[in-house]
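Working through the structure, step by step
Each chain, letter by letter, is given below.
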Amino acid sequence: MENKRNTGIELLKIVSMLMVVTLHVLLFGMNYYEAHILTPKGFITNMIEAICYCAVNIYAIITGYLMVNKNPKVNRIVDLWIQVVFYLIISTMLIRIYYPQDFTKRLLFGTFFPIITNQFWYFTAYFIMFWCIPLYNWIINHLTIEQFRRMIMTTLSIFCIIGWFASIYGEQVFGLNNGYSFLWITVLYFTGAGIKLYGKELFYIKKDISKNKVLLIGLLSGLSTFIAKVLLVKMTTFLFGHEIYVDIFYLYVSPTVLIESICFIFYFSKLNIRSNTLISKISGATFGIYIIHLTPFFLNYCWKYLTPYKNTSLVSYLLIILVSVILLFTLCTVVEMIRLYVFDKLGFYKITKKIYAKYQKTIRILLIINKILNVKTLIYTI
């Protein structure tokens with residue numbers, strides 16, 4: 001029987017955030033793209049990137065998996081907004097103190113309005129999707145399994161196949177933006193919800209497949225992303241004299257990346273792990289980890305200290321990547337846990353709960369007035 005809190009899914013949130021940190025260490029810290037894929041450093045780092053590229057997809061699918069039978073509460077999005085603004089304030093203060101020449105009005109404005117300035121693309125996309133979740137769940141609960149299957153297969157065909165092909169040629173159709181969009185995480189939300197409700201039958205799979213085989217399929221799918229790049233580098237260099245379209249599988253909407261994401265969800269959701277307080281706490285800190293290491297201060301002034309190590313020997317290079325990921329993940333986790341503890345002691349969460357309670361009270365009053373006046377108007381509630 002599945003725990004009320006699926007510890008396997010909580011563990012997957014940790015794993016996916018470790019993947020995100022790894023991707024950013026490679027990209028912002030080590031500038032891995034400067035090493036050609038057919039060199040030892042380029043070969044290994046491109047392979048690591050391919051395996052980790054599914055991380056954001058996993059996070060979005062988990063949202064659908066966890067929220068399909070729940071109603072989102074307004075205080076949850078308020079808490080996230082406060083969390084983002086808190087870290088942006090610290091970031092802005094550090095820039096003002098240590099790099100005053102880079103302090104601008106735009107930076108200050110973005111500190112308090114992260115959605116408008118798109119400081120963190122995933123938070124912006126999630127913020128929009130949050131208000132749509134009740135509608136999504138209503139749709140899901142009013143569809144038969146066959147109707148839901150057709151919807152999922154159709155949307156994945158349109159957005160993952162057609163959208164992916166369009167991205168290959170540099171065209172951004174359907175507003176996908178290579179997966180960096182509200183639309184794509186919405187598609188993943190429905191996918192995660194379907195997995196939670198129907199399991200493997202969502203994809204017309206009736207034969208039992210062990211979770212270890214599912215994990216193997218996922219890893220092979222991630223490796224195929226890498227192998228495809230190696231082959232494309234060799235083929236295009238031979239045919240055209242230069243590389244072209246070699247990163248076409250390194251996209252969130254790529255079929256291989258999507259398959260890997262789905263396989264990881266299936267595997268971790270079936271892990272028989274007892275409820276674990278430490279896993280739950282670290283899992284709850286993952287969004288904070290994402291925000292901390294991508295704040296303007298960190299992004300513009302901290303990553304550069306890793307860059308000189310890109311020219312070390314292969315062994316040192318890989319060791320620095322490993323140590324950097326572990327240290328960065330650990331430090332950000334500790335900082336976020338301290339923030340959670342302080343906010344709890346200061347009563348921040350009680351305030352947001354009161355805001356939500358007043359919001360609900362207002363909605364109830366509006367519903368009563370609506371009933372008395374017999375106005376045929378739909379009041380959308382969360």
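Higher on the page you've got the structure.
Residues numbered from 1 in each chain as written. Predicted model: local features only at pLDDT ≥ 70, side-chain atom pairs only at ≥ 80, totals over all residues. Heavy atoms only, no water.

Across its full length, the chain carries 16 helices and zero strands. Along the first, second and third principal axes, the C-alpha set of the chain runs to 75 × 60 × 45 Å. Buried positions account for 49% of the 382 residues belonging to the chain. Pairs at least 24 apart in sequence give 80% of the contacts found in the chain among residues at least 6 apart. Accessible area of the chain: about 20,200 Å², with a carbon and sulfur share of 67%. Charge separation in the chain, taken as the distance between the mean sites of 35 positive and 15 negative side-chain charges, equals 12 Å. (Helix = DSSP H or I, 4+ residues; strand = E, 2+ residues; numbered from the N terminus. Buried < 20%, exposed > 50% of the residue type's maximum accessible area, 1.4 Å probe, protein only. Contact = heavy atoms within 4.5 Å. Areas by Shrake-Rupley, 256 points an atom, 1.4 Å probe, with all protein chains shown as cover. Lys, Arg positive; Asp, Glu negative; His and termini not counted. Charge placed at Lys NZ, Arg CZ, Asp CG, Glu CD.)

An ideal rise of 1.5 Å per residue puts 24 Å on 17 residues; helix α9 (residues 182-198) measures up with 24 Å between its terminal C-alpha atoms. Of all 17 residues making up α9, twelve are buried, and the element is well covered by its neighbours. For α9, the complete set of buried residues consists of Trp184, Ile185, Thr186, Val187, Leu188, Tyr189, Phe190, Thr191, Gly192, Ala193, Gly194 and Ile195. Downstream of α9 by a residue or two, Gly199 has a phi angle that is positive, lying close to 65°. (Expected span 1.5 Å × (residues − 1).)

Non-glycine residue Tyr204 carries a positive phi angle of around 60°. Among the secondary structure elements, Tyr204 is positioned in the loop between α9 and α10 (211-240). A positive phi angle is found at Tyr245, which is not glycine, with a value near 60°. Tracing the backbone through its elements, the reader meets Tyr245 in the loop between α10 and α11 (255-269).

Quick look at the packing of aromatic side chains now. Summed over the entire model, instances satisfying the criterion amount to 34 aromatic pairs. Relative to Phe113, the ring of Phe109 lies with its centre 4.8 Å away and its plane at 25°, an arrangement referred to as stacked. Relative to Tyr189, the ring of Tyr136 lies with its centre 5.7 Å away and its plane at 50°, an arrangement referred to as tilted. Taken together, the positions of Tyr136 in helix α7 (residues 133-141) and Tyr189 in helix α9 put the pair 53 residues apart, joining distant regions of the chain. By the burial criterion, Tyr136 is buried, and Tyr189 matches it. Lying over the aromatic face of Phe103, Arg96 brings its terminal NZ or CZ to 5.3 Å of the ring centre. Between the NZ or CZ atom of Lys196 and the centre of the ring of Tyr65, over which it lies, the distance is 5.0 Å. (Phe/Tyr/Trp six-rings, centres within 6.5 Å; stacked < 30°, edge-to-face > 60°. Lys NZ or Arg CZ within 6 Å of the ring centre and 35° of its normal.)

You can see Asp79 is positioned in helix α4 (residues 74-98). No salt bridge is formed by the buried Asp79; its nearest oppositely charged neighbour, Arg76, is found at 5.6 Å. (Salt bridge = Lys/Arg side-chain N within 4 Å of Asp/Glu carboxyl O.)

Now for the packing of helix α1 (residues 7-29) against helix α15 (residues 314-346). For any two helices packed against each other, the geometry is given by the interaxial angle and the distance between the axes. Running from amino to carboxyl end, α1 crosses α15 at an angle of 125°, the nearest separation of the two axes being 9 Å. Here α15 runs oblique to α1, going by the angle between their axes. Crossing of α1 over α15 shows right-handed handedness. Two secondary-structure elements touch here, α1 through Ile14, Met17, Leu18, Val21, Thr22, Val25 and Leu26 and α15 through Ile321, Ser324, Val325, Leu328 and Phe329. Split by residue class, the contact of α1 with α15 holds ten nonpolar, two polar and no charged. (Axes fitted to C-alpha atoms, helices over the stretch in contact; angles between N-to-C directions. Parallel < 35°, antiparallel > 145°, perpendicular 65-115°, else oblique. Left-handed = near helix turned anticlockwise from the far one by under 90°. Nonpolar A, V, L, I, M, F, W, Y, C, P; charged D, E, K, R; others polar.)

Between α7 and α9, the shortest axis-to-axis distance is 11 Å and the interhelical angle comes to 45°. Comparing the axis directions of α7 and α9 gives the class oblique. Between α7 and α9 the crossing geometry is right-handed. The residues of α9 that touch α7, namely those facing Ile133, Tyr136, Asn137 and Ile140, are Phe182, Thr186, Tyr189, Phe190, Ala193 and Leu197. The residue inventory of the contact of α7 with α9, partitioned by class, reads eight nonpolar, two polar and no charged.

It is worth spelling out the environment of Gly347 at this point. Take Gly347: it is sitting in the loop between α15 and α16 (348-373). Residues Gly347 and Ile161, 186 residues apart in the sequence, show an inter-C-alpha distance of 48 Å.

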